[in-house]
Amino acid sequence: MPNIILVTSGKGGVGKSTVAAALGLTYAAMRRKTVIVELDIGLRGLDLMLGVEDRTVYDLGNIVRGECKLSDGVVPVTADGHLSLVAAPSGISSRIDYDDVAAFCKALSRFFDTVIVDAPAGIGVSLLLAPKIADLVLVVATPDMVSARDAGRLTGMLGQYGVSDIRLVINKVYHKKIHQNEIEDLDAVIDLVGAQLIGVVPMDEELSSIEFGPDSFRKKTLCSKVFYNIASRILGDYIELLIQ
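Residues numbered from 1 in each chain as written. Predicted model: local features only at pLDDT ≥ 70, side-chain atom pairs only at ≥ 80, totals over all residues. Heavy atoms only, no water.

Some remarks on the overall build of the protein
Test applied: Strands here mean DSSP runs of E at least two residues long; helices mean DSSP runs of H or I at least four residues long; both are numbered from the N terminus. Residue exposure (1.4 Å probe, protein chains only): buried if accessible area is under 20% of the type maximum, exposed if over 50%, otherwise partly exposed. The contact criterion used throughout is that any non-hydrogen atoms of two residues lie within 4.5 Å. Only the protein chains shown count as cover for residues, with accessible areas throughout obtained via the Shrake-Rupley method and a probe of 1.4 Å.
Each helix and strand counted, the protein has ten helices and eight strands in total. A burial count over the protein gives 55% of its 244 residues as buried. The contacts in the protein between residues at least 6 apart in sequence include a share of 77% that link residues at least 24 apart. Surface exposure of the protein reaches about 10700 Å², of which carbon and sulfur atoms provide 50%.

With respect to the confidence of the model for the protein
When pLDDT drops low, the exact placement of atoms in the prediction is not to be read closely. Our working rule: Confidence per residue, as judged by the predictor, is encoded in pLDDT with a range of 0 to 100.
For the protein, per-residue confidence averages 87 on the pLDDT scale, and 86% of positions sit at 70 or higher. The secondary-structure element of the protein with the lowest mean pLDDT is helix H9 (residues 205–208), recorded at 59, while strand S5 (residues 114–118) shows the highest, at 98.

A word on the pattern of salt bridges
The condition is simple: Every case where a carboxyl oxygen of Asp or Glu lies within 4 Å of a side-chain nitrogen of Lys or Arg is listed as a salt bridge.
Scanning the model with the defined rule gives nine salt bridges in all. Measuring nitrogen to oxygen at the nearest pair gives 3.3 Å for the salt bridge that ties Lys-16 to Asp-40. Here Asp-40 lies in the loop between strand S2 (34–38) and helix H2 (46–49) and Lys-16 lies in helix H1 (residues 16–29), a separation of 24 residues in the sequence. In this structure, Lys-16 and Asp-40 share a single accessibility class: buried. Through salt bridges that share partners, Lys-16, Asp-40 and Asp-118 make up one connected network.

Observations concerning the pairing of strand S8 (residues 196–202)
Heads up, the condition is: Should DSSP find at least two bridges between two strands, the strands are regarded as paired.
Taking burial as the measure, the seven residues of S8 include six buried ones, the bulk of the element. Relative to S8, strand S7 (residues 166–173) runs parallel, the two sharing five bridges. Note that in S8 the partner of Ile-170 across the bridge is Val-200.

Written out as structure tokens, the structure reads:
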């Protein structure tokens, strides 16, 4: 089963970090010890989404440069310790070496059941890190031409760099009003991206909230069921896609 999961997208604004946060909360609810490593340098937001901004004193840059203890930079999100966060540096001038980031993620994988790496949108960082560390890459796209095309380019580049295990998450889907999606046929999104579908996430107010809270995905909602199915499929369980 995948130990290090890299979540990425071809373009910004598709909900990549939301998917990473929701997946982390889902694994925590499944009692898997999980950590999210955020790489959106200068644009961090997972501390806000997960409600730990007041406790986030040190970040990934501080850790890899040896400026703090590991325990100070890994911030518990849930009270039971099943989900933690390593926040991205908040300053755009922060120095960071991605070889050090790769080594750090591998080190974390010895202590956590699942390491979720929230990579920046676009090609650069994903191509640097995915071939070195990722057991699985999740490419997030929305049902519109620009997102699907860019995700397809990213998937193709990842394949050229030797990354073979790539799955697609289609996010922000209007299921009951399919005509509101720019691309009405989800099969067309899959064809454009060129990766096997692992989950379809509905447009939902629950996922539009800036702060989920540590217990969000313990509730029995449509979104919690969708992410439970995605998480289970990643773990190798045969569960049908939940598309409503």
